Structure formats: C-alpha cells, structure tokens
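Understanding the architecture of this molecule
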Amino acid sequence: MIVVPESEIAGLIGRDACFEAVEQVFAAMSLGDAYNFPVIREAIGHADALYGFKSGFDRAGLALGLKSGGYWPGNEAKGMTNHQSTIFLFDADSGKVKAIVGGNLLTALRTAAASSVSIKHLAPKRAKVLGMIGAGHQSAFQMRAAVEQRQFERVIGWNFHPEMLVRLEETAGELGLPFQAVDLDQLGAEADVIISITSSFDPILKDAQVTGGTHIACMGTDTKGKQEVEAALIARATVFTDEVAQAISIGECQHAFAAGTKAENEIFEIGSVINGAHQGRRSDDEVTLFDGTGVGLQDLAVASAVVDLAVEKGVALEVVF
Ligand code: NAD
C-alpha cells in the first residue's frame, strides 16, 4: 500500500493536473463510464462537525475508493483547516487497499478545478470582472483557478464577515488584479463571472441582483439545507452540475427542485458540455449557473494522479498492509 501524506501533496500536484483530472472525470461521468455512490453526510453532534463519505468508481480510469472526512468549523482557531479529509484508493481487480492520500489540499484544488472547468466551458468569452462571494479558506483557491480561464481585469467581492475580505484582496494582489469590496447589488450587476463559496444556510445573492450575461459557480452548497442563491435565480438560469442526483438533494438546486421551479430534466451535466453533447452557453446575455456539489470521483481522480506522481518522483511511502 502507498501512503502519500498531506505534507507531500503541495510538492506533487498543482492546478493544471487537477483541472485535467476533474475535467476528464466529469466527461467520463456523463458518458456513463464513471459513477458516484450515494453520499453519507451527517452532523455528528460533536464539535459542530459534519462528517461523511463520498465514494465512486471510474470504470475507464479504474479509480475505486472513497474520501472520508468533513467540516469542523472550529479548526481554524486551532491552526488547522476546517476541512479534514483522507482519500482511500482500492485496487479495482482485487479490492485490496492501494493507497491512502491526504485529502485536505486536494479538496481545495479539486473544488477550485470544478468551478474553473465550468468557467472554461460556460462563462462569457469576454468576461472581465470576477465577483467573489465568500472569503474563507476555499475562496483563494477558487480565485486562483478562475483567473486562468478568462482575461479578468478586476475582482470584486462580498462576504458575510467583512473582516475576512482581506483574503480576497491579498489573493487578487498576488494575481496582479485590483480588488474592490462591494455590496451584492454592485456585485450582481458588474461581475461577468460570480463564484459563491460560503457555508450559508440562507440565500445570499438574489435573482434581481444578477443583470446581463453572467456565469455563476455555486460551490458552497454541499449539504441538505445550505443555500447561497435565491431559488428564483436557479429557476431562471440555464443550470449545469457535476451530478444531477446530488444537485437536487444536497446541492444548490435542492430548493428550486423542492419548490417545483426547476425540474431534474432541466439540469444538465457539465460533462455533457465537455463531451460536446450539450452546447452550453447559447448567447452572451444568458445566465448560466454551475451547481458544484463536489463528487467523490473528483477526489479519486486527483488522488490517483497524486499517487502516480509520488511513485514517479520516488516519494511514495510503501507500507506492507
Ligand atoms: P470557511 O469556514 O473557511 O469559510 C466559510 C465562509 O462562509 C466564509 O466566507 C464565511 O464568511 C461564510 N459564512 C459563514 N457563515 C455564513 C452565513 N451565515 N451566511 C453567509 N456566509 C457565511 O470555509 P471554506 O473552507 O472556505 O468552505 C466554504 C464552503 O464550501 C463550506 O460550506 C464547505 O462545505 C463548502 N465546500 C464545498 C465543496 C464542494 O465540492 N462543493 C468543497 C469544499 C468546500
């Protein structure tokens, strides 16, 4: 069995390889070559934590396994990231455990890769203004991956906790882009691409605030009850997702689906756009929305890539198990 500790991940894999792995697995899911098993996610009644498993099998890439972990909101105050996860890979021919891989950085990279894939395939080509809602741990990863897809000229942002906006300002600075903190009316009116990455349980962005052709990547809602945008915005937008079953149960679409304003067959897999089966954006004026719920196959795809790289670079720890 191979062990790739969390501390090795940053030196092994970067945004490009994660983007490629995630784009490929979304395409495989849409072709029916890869599928996710039902998600388990529970509030465990301790440390305010959400804990669970995401798992799946990619028949094409032979990635079989699971990510176990979750969200501990009090961790940051103790010098740890709020997300804690570990990825386990199994040999698809024998069921023997193949690898254990640190999943914290990989979660941030694969989540940012997912919205970046959506921006590549759905955002208006001439997008210039990136709007960020959320300024937590994931937001910096999201911004860095997003700016690789379009020629953004500036970043605007809003956060429920304004004192956290400094993270967006610093990240934009790193990327050589000016940053301005704005209210949600200005954000919805000016941004060509909006990423929401919060742990909100109430709608933040309202339908009326989004004007003109915009692409919105809703990345924070990954649990029943969470919500980042008004259900009317979901109803109006052309909606894509990583996996429809997750979108309507634990994703941003859950509320519009429950209200009957967005049907299952009106939500399209991003993989179908990657594969060319769906044309994606039809006009510059359209509002497209990606409901990035986060699927286990994303984790397996990036973890498999890391294991290959660790073996190639001779840093994989082999354990007899
Ligand atoms: P974090 O704890 O570092 O930051 C939380 C963010 O949510 C901050 O911007 C905070 O201001 C905001 N927030 C907190 N309470 C809020 C409220 N009541 N209303 C509005 N905003 C509020 O978390 P993070 O690591 O940046 O993760 C953000 C979210 O992304 C989490 O909910 C997490 O579960 C989700 N996530 C999703 C995926 C996916 O694949 N879709 C992957 C990783 C994380």
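As a convention, each chain's residues are numbered from 1 in the sequence order in which they are written. With the structure being a predicted model, the display of local features is reserved for residues of pLDDT at least 70 and the display and counting of side-chain atom pairs for 80 or more, all residues being used for whole-chain, interface and lining totals. Working from all heavy atoms in the structure, the side-chain values ignore hydrogens and water.

**Quick word on the site of the ligand**
Formally: By convention in these notes, a residue is near a molecule or strand provided one of its non-hydrogen atoms lies within 4 Å of it. Two N or O atoms form a polar contact when they lie within 3.5 Å of each other; inside protein one atom must be a possible hydrogen donor and the other a possible acceptor, and for residues adjacent in sequence the pair counts only when both atoms belong to side chains. Residue-level accessible areas treat just the shown protein chains as cover; the underlying method is Shrake-Rupley with a 1.4 Å probe. By the criteria applied, helices consist of DSSP H or I runs no shorter than four residues and strands consist of E runs no shorter than two, each listed in order from the N terminus. Classification used: nonpolar for Ala, Val, Leu, Ile, Met, Phe, Trp, Tyr, Cys and Pro, charged for Asp, Glu, Lys and Arg, polar for all others including Gly. As annotated, the domain borders come from an automatic or database domain assignment.
Around the ligand there are 26 residues in total, and Y71, R110, N159, H161 and K226 lie nearest to it. Here R110 contributes a side-chain N or O atom positioned 2.7 Å from an oxygen atom of the ligand. For the ligand, an oxygen atom lies 3.0 Å from a polar atom in the backbone of S199. With the chains in place, 90% of the 870 Å² that the ligand exposes on its own is no longer accessible. Elements supplying a minimum of two residues to the shell around the ligand: α3 (104–122) and α4 (137–146). For the shell around the ligand, the residue count by class is seven nonpolar, 16 polar and three charged. There are two domains that each give the shell around the ligand at least three residues, and those are domain 1 (2–107 + 297–318) and domain 2 (124–294).

**Focus: the domain arrangement of the protein chain**
As a reminder, the rule being used: Throughout, the accessible surface (probe 1.4 Å) given up by two parts as they are put together, summed over both, is called the buried area. Think of a salt bridge as a Lys or Arg side-chain nitrogen and an Asp or Glu carboxyl oxygen that are within 4 Å of each other.
With domains assigned, the protein chain is organised as domain 1 (2–107 + 297–318) and domain 2 (124–294). Domain 1 and domain 2 are separated by 23 Å when their C-alpha centres are compared. Summing both partners gives a buried area of about 1800 Å² for domain 1 against domain 2, and 54% of it is carried by carbon and sulfur. Close ionic contact of D222 with R41 constitutes a salt bridge, the shortest N to O distance being 3.7 Å. At the surface where domain 1 touches domain 2, the tally comes to eight residue pairs in polar contact (both at pLDDT 80 or more). Mapped by element, the contributors of at least two residues to the side of domain 1 that touches domain 2 are α2 (15–31), β4 (50–58) and α3.

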